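The chain contents come next:
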Amino acid sequence: MIDYSKVPSPCYVVDEERLRANLQLIRTVKERAGVEIILAFKAFALWKVFPIVKEYIQHSTASSLSEARLAYEEMGNFAHSYAPIYTDVEFPEIARCSSHITFNSISHYLHHRPYLDKMDRHVSCGLRVNPEYSNVETDLYNPCAPGSRLGVVADLLGDKLPDGIEGLHFHTLCESSSCELEKTLAVVEKKFAKYFGQIKWINFGGGHLMTRKDYDVEHLVSLLKDFRARYPWLKVIMEPGSAFAWQTGELVSSVVDIVENHGIKTAMLNVSFACHMPDCLEMPYKPVIVGATDEVEGKPTYRMGGNSCLSGDFIGSWSFDKELNVGDRVVFYDMIHYTTVKTTMFNGISHPSMALWTKEGELKMLRTYGYEDYKSRMD
């Protein structure tokens, strides 16, 4: 268990034991179901802990040139790459770092295929399809919303896939259950199974939150086995992101001031929701604070205010057993997945430090940030 009193503020701290527990479960699902599960950098790209990750999972998926290089240079394997577009300037380097490249449209595949045909190494090409079904309620995160720019709908595919396409890729989930995957697969098979005889692999995308406590892992394994039994020639690939780092660490912050306006008390923190916890505002959702509860009448209650000048940089309210004071620690639970990869330096606000709480119970600082990091973004 992390001793937060030993963690500097502000700081993201990853618990090695919790990370390993997630990795062990993911590897078990991979082995039992006979599928390939790879790490999506879009949710978790803390490369200094990749040596731990690689003990359990060896491959990763990339959504950009930088992520493809991270896979090749730090994970030590070629990336499974998908991005909505690949520019002519970046594509050669992406291809150099990739074993699989999925294209968002047929026209984009045909545009880049001549380069791939000239390579001295085979890169397996896939096409992202859009089943036009998703249970994701937040439009910002719904890849199958009407008019979506992501993936090819069945009506536009015709009877035969383009020559050279070896796989299909769909992504419809977001921190979803195995039941939602089952519903999605029913739609995918109805619309795209006629193409399965033309391909070698199928990528189920991300959003499989198999490390959540209430996730039905047995149902997932059964679902995957049944699918493979129906299509034994297809290699099944899954690329969750949140599942790897789900509930593996916290963001430690401190109260710097307390302000009051018409009876509403706000604890002013040395972190920002806009800069350091953007999903809280985008999704939106209210994070858990260690030692606090939802608002309880009669208890000391506070909004949490961020340290940027954005007027909406706050969330509330939480109740505490005692009054907060300047200098008190406020620890936000489960702040590693997506949060650490989406931080900004808006207002010139520095990132929190990064640290690992080792399985031996020691704090290992991974990175600190300062002025030069902000300045370099404007070079």
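See the structure printed just above.
Please read all numbers here as calculations on a predicted model, not as lab measurements.

*Asks:* Before we move on, could you go through the pattern of salt bridges and cite the residues and values that matter?
*Replies:* The final tally for this structure, using the stated rule, is 20 salt bridges. With a closest N to O distance of 3.4 Å, Arg113 and Asp117 form a salt bridge. With Arg113 and Asp117 both in helix α5 (residues 106–117), this residue pair falls four residues apart, about one helical turn. Note on Arg113: relative accessible area 27%, which makes it partly exposed.

*Asks:* Report on helix α7 (residues 217–230), specifying residues and quantitative values.
*Replies:* Between the first and last C-alpha of α7 there are 20 Å, a value that for 14 residues agrees with the 20 Å anticipated at 1.5 Å per step. What α7 keeps buried is the set Val217, Leu220, Val221, Leu223, Leu224 and Phe227. Along α7, the residues classed as buried sweep out an arc of 160 degrees about the axis, all on the same side. The distance from a side-chain oxygen at the start of α7 to the backbone nitrogen of Glu218 is 3.4 Å, and the residue carrying that oxygen is Asp216.

*Asks:* If you had to explain the packing of helix α6 (residues 178–192) against α7 to someone new, which residues and values would you point to?
*Replies:* Two numbers describe how α6 lies on α7: the axes approach to 9 Å, and their chain directions differ by 20 degrees. Taken together, the axes of α6 and α7 lie roughly parallel to each other. As α6 packs across α7, the resulting crossing turns out to be left-handed. For the pair α6 and α7, contact is made by Ser178, Cys179, Leu181, Glu182, Leu185 and Glu189 and by His219, Leu220, Leu223, Phe227 and Arg230, respectively. Across the contact of α6 with α7, the residue classes break down as six nonpolar, two polar and three charged.

*Asks:* Describe in detail the pairing of strand β19 (residues 363–367), supporting the description with residues and values.
*Replies:* For a regular strand, the rule is simple: side chains alternate between the two faces of the sheet. Bridge analysis of strand β18 (residues 353–357) against β19 gives four bridges, and the strand direction is antiparallel. In the strand pairing of β19, Trp357 is matched with Leu363. Here β18 hands over to β19 after five residues, with Gly361 in that stretch at a positive phi of 85 degrees.

About the criteria used
- Throughout this description, residue numbers start from 1 for each chain and increase along the sequence as written.
- For a predicted model such as this one, the threshold for reporting local features is a pLDDT of at least 70, and the threshold for listing and counting side-chain atom pairs is 80 or more; totals across whole chains, interfaces and linings nevertheless cover every residue.
- Based on all heavy atoms of the structure, the side-chain values leave hydrogens and waters out of the count.
- Throughout this description, the term salt bridge denotes a Lys or Arg side-chain nitrogen within 4 Å of a carboxyl oxygen of Asp or Glu.
- Each helix is a run of H or I in the DSSP string that is no shorter than four residues. Each strand is a run of E no shorter than two, and both are numbered from the N terminus.
- Categorising residues by exposure relies on relative accessible area from a 1.4 Å probe, with only protein chains included: less than 20% of the type maximum marks a residue as buried, more than 50% marks it as exposed, and the intermediate range marks it as partly exposed.
- In this analysis, the expected span of each helix is defined as 1.5 Å times one less than the number of residues it contains.
- By construction, the arc corresponds to the directions joining the helix axis to the C-beta atoms.
- Polar contacts, as used here, are pairs of N or O atoms within 3.5 Å; protein pairs need one atom able to donate a hydrogen and one able to accept it. Residues neighboring in sequence count only if both atoms are side-chain atoms.
- Under this scheme, a helix contributes an axis fitted over its contacting stretch, all axes are lines through C-alpha atoms, and angles between N-to-C directions fall in the 0 to 180 degree range.
- Each angle receives one of four descriptions, namely roughly parallel if under 35 degrees, roughly antiparallel if over 145, roughly perpendicular if within 65 to 115, and oblique otherwise.
- When the near helix sits turned anticlockwise from the far one by under a right angle, the crossing is termed left-handed; a clockwise turn instead gives a right-handed crossing.
- Residue contacts follow a heavy-atom distance rule, with two residues in contact if any of their heavy atoms lie within 4.5 Å.
- Just so you know the grouping, Ala, Val, Leu, Ile, Met, Phe, Trp, Tyr, Cys and Pro go in nonpolar, Asp, Glu, Lys and Arg go in charged, and all remaining residues, Gly too, go in polar.
- Should DSSP find at least two bridges between two strands, the strands are taken to pair.

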